[in-house]
Amino acid sequence: MENFKMDKLFRFAACIACAFAAVLTTTVLAQTYPSKPIRVVVPYAPGGSIDFISRLLALRLTDGMGQVVVVDNRLGAGGTIGIDNVAKAAPDGYTLLVVDPSIVINASLGAKLPYALKDLQPISVLTTAPLVLTVPISLPIKDVSGLLDYARANPGKINFASPGIGTTPHMAGEMLRLRSKLQIVHIPYKGSVPALADLVSGQVQMAFSSITPALPFLKDGRLRGLATSGTQRATALPDLPTVAEAGVPGFEVLFWTTLFAPAGIPQDVLTKLHAETTKALQHPEMRAALARVGETPSGTSVEGAVSFVNSEHAKWAKIIKESGLKAD
């Protein structure tokens, strides 16, 4: 009996020691963080808007945190490979993720994903930007009401282009179709460049797209802009109304980027990352660089980022369910 009591005592002491060691390790980690380079995973190819935003952020974080912050492009499977790389990384603050709405859209498309949204911790919403609704100049359409009238008069004959299934422009088109009760057909492309090329040539009749790639075509008159998709007019296209202004109440679609870490990151490390990210987004050079490509710096609290991601997930899950969309 005495040996049994001693054994229980030793085991209890061992548990206490392990718990104390874990707390001590976390405390030391937070006090010394960062003590080595930080990796920001971008789940897409170099050269796109998310890559550009991530490199601006990495530059500012490098200055603020005293360690090199590098961008690591882990592309493939529509972003799944890069996202999964971060979801399965050690939650120590040295592996981060910058991603767009695809992270919540893909979670509702019915595809088998190797990660879950709960595996990732939002840190801050970095940027937001509206899309622009465009048509080829060959169509006799001058505004959103004209587009809706034309689509209703020609059911099933209006094709809308997007950079691919599950992209934000695709979801914007689906939302317009549902809200306005249109019979329009989605044509997915492998990226925005071929989608815009076919739009300019009139092979497809409408598209939502990011403002930056569409802007040259709008300026030289090869495309006609009808509206933008935010709640306020876009600074880059102030003469265009919002879709909601133009007759589709409640319509709002934003292309956004958010910074994530693996779930379970120590609170002190999360707090430091959030503070440095907020400082980066307030830096005049970063704000000016973002403005040049039509992006608005956001910057939210951690709780605000969690709430935003959850609300976007719920919004797109509803649209996907109503549309009957499935992953390829």
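Structure shown above.
The structure reproduced in this document is the subject of the present report. (Residues numbered from 1 in each chain as written. Predicted model: local features only at pLDDT ≥ 70, side-chain atom pairs only at ≥ 80, totals over all residues. Heavy atoms only, no water.)

### As for the overall build of the chain
Basically, it comes down to this: What counts as a helix is a DSSP run of H or I of at least four residues, what counts as a strand is a run of E of at least two, and both are numbered from the N terminus. Classification of residues uses two cut-offs on accessible area relative to the type maximum, computed with a 1.4 Å probe and protein chains only: under 20% is buried, over 50% is exposed, and between them is partly exposed. Only heavy atoms matter for contacts: two residues are in contact if any of them lie within 4.5 Å across the pair. Every accessible area reported is derived by Shrake-Rupley at a probe size of 1.4 Å, with residue values counting cover from the shown protein chains alone. Residues scored as charged are limited to Lys and Arg (positive) and Asp and Glu (negative), so that His and the chain ends carry no count. Where a charge lies is defined by one atom per residue type, namely NZ (Lys), CZ (Arg), CG (Asp) and CD (Glu).
Helix and strand counts for the chain stand at 11 helices and 10 strands. Along the first, second and third principal axes, the C-alpha set of the chain runs to 90 × 45 × 30 Å. Residue burial in the chain is summarised as follows: out of 328 residues, 47% are buried. Within the chain, counting contacts between residues at least 6 apart in sequence, those at least 24 apart form 78% of the total. If you sum the accessible surface of the chain, you get close to 15300 Å²; carbon and sulfur atoms cover 58% of it. Charge centroids of the chain, computed over 30 positive and 25 negative side chains, lie 4 Å from each other.

### Some remarks on the nonpolar core
For clarity, the threshold we go by: To form a nonpolar core, buried Ala, Val, Leu, Ile, Met, Phe, Trp, Tyr and Cys residues must be joined to one another through side-chain atoms within 4.5 Å.
Leu 97, Ile 103, Leu 176, Met 206, Phe 208 and Phe 251 are the most contacted members of the largest nonpolar core, which totals 75 residues. Examining the composition of this core, we find that seven residues originate from one element, helix α2 (residues 49-65), more than from any other. Discounting residues that sit within four places of it in the chain, Ile 103 has contacts with Ile 83, Leu 97, Leu 117, Leu 120, Trp 256 and Phe 260.

### Focus on the pattern of salt bridges
Here is the rule we go by: Salt bridge criterion: a side-chain nitrogen from Lys or Arg within 4 Å of a carboxyl oxygen from Asp or Glu.
Under the counting rule described, the total for this entry stands at 13 salt bridges. A salt bridge links Glu 312 to Lys 315, with the shortest nitrogen-to-oxygen separation between them at 3.1 Å. Residue Glu 312 and its partner Lys 315 are both found in helix α11 (residues 302-323); the two are separated by three residues, about one turn of the helix. For Glu 312, a relative accessible area of 8% puts it in the buried group.

### Focus on the environment of Pro 130
Its location among the elements puts Pro 130 in strand β4 (residues 120-136). For Pro 130, a relative accessible area of 13% gives the class buried. The sequence separation of Pro 130 and Gly 294 amounts to 164 residues, and the corresponding C-alpha distance is 8.6 Å. The contacts of Pro 130, once residues within four sequence positions are left out, are Ile 211, Thr 228, Ser 229, Gly 230, Ala 234, Val 253 and Leu 254.

### As for the side chain of Thr 80
Heads up, the condition is: We call two N or O atoms a polar contact when they sit within 3.5 Å, provided that within protein one can donate a hydrogen and the other can accept it, with sequence-adjacent residues counted only if both atoms are side-chain atoms.
Considering the arrangement of structural elements, one finds Thr 80 in helix α3 (residues 80-87). Within polar-contact distance, the side chain of Thr 80 engages the backbone oxygen of Ala 77 at 3.0 Å. Residues in contact with Thr 80, not counting those within four places in the same chain, are Leu 113, Pro 114 and Tyr 115.

### Quick word on α11
How we decide: To estimate the expected span of a helix, count its residues, drop one, and scale the result by 1.5 Å. Starting at the helix axis, one direction is taken to each C-beta atom, and the arc is that of these directions.
An ideal rise of 1.5 Å per residue puts 32 Å on 22 residues; α11 measures up with 32 Å between its terminal C-alpha atoms. Within α11 the residues assigned to the buried category are Val 302, Ala 305, Val 309, Glu 312, Trp 316, Ile 319, Ile 320 and Ser 323. Taken down its axis, α11 places every buried residue within 120° of arc, on the same side. Opposite its buried face, α11 presents the exposed residues Glu 303, Lys 318 and Lys 321, each directed more than 90 degrees away. Buried positions along α11 lie against α4 (102-105), β4, α6 (168-180), β9 (254-262) and α9 (267-282). Gly 324 sits one or two positions beyond α11 and adopts a positive phi of about 70°.

### Topic: the packing of α2 against helix α10 (residues 284-292)
We count it as follows: An axis is simply a line fitted to the C-alpha atoms; with a helix, the fit covers only the stretch in contact. Between two such axes, the angle follows the N-to-C directions and lies from 0 to 180 degrees. Roughly parallel means an angle under 35 degrees; roughly antiparallel means over 145; roughly perpendicular covers 65 to 115; every other angle is labelled oblique. When residues are sorted by character, Ala, Val, Leu, Ile, Met, Phe, Trp, Tyr, Cys and Pro go into the nonpolar class, Asp, Glu, Lys and Arg into the charged class, and all the rest, Gly among them, into the polar class.
Closest axis-to-axis distance for the α2/α10 pair is 10 Å, and the angle between their directions is 175°. Taken together, the axes of α2 and α10 are roughly antiparallel relative to one another. Between α2, through Phe 52, Ile 53, Leu 56, Leu 57 and Arg 60, and α10, the contact on the second element is made entirely by Glu 285, Met 286, Ala 289 and Leu 290. A breakdown of the residues in the contact of α2 with α10 according to their chemical character gives seven nonpolar, no polar and two charged.

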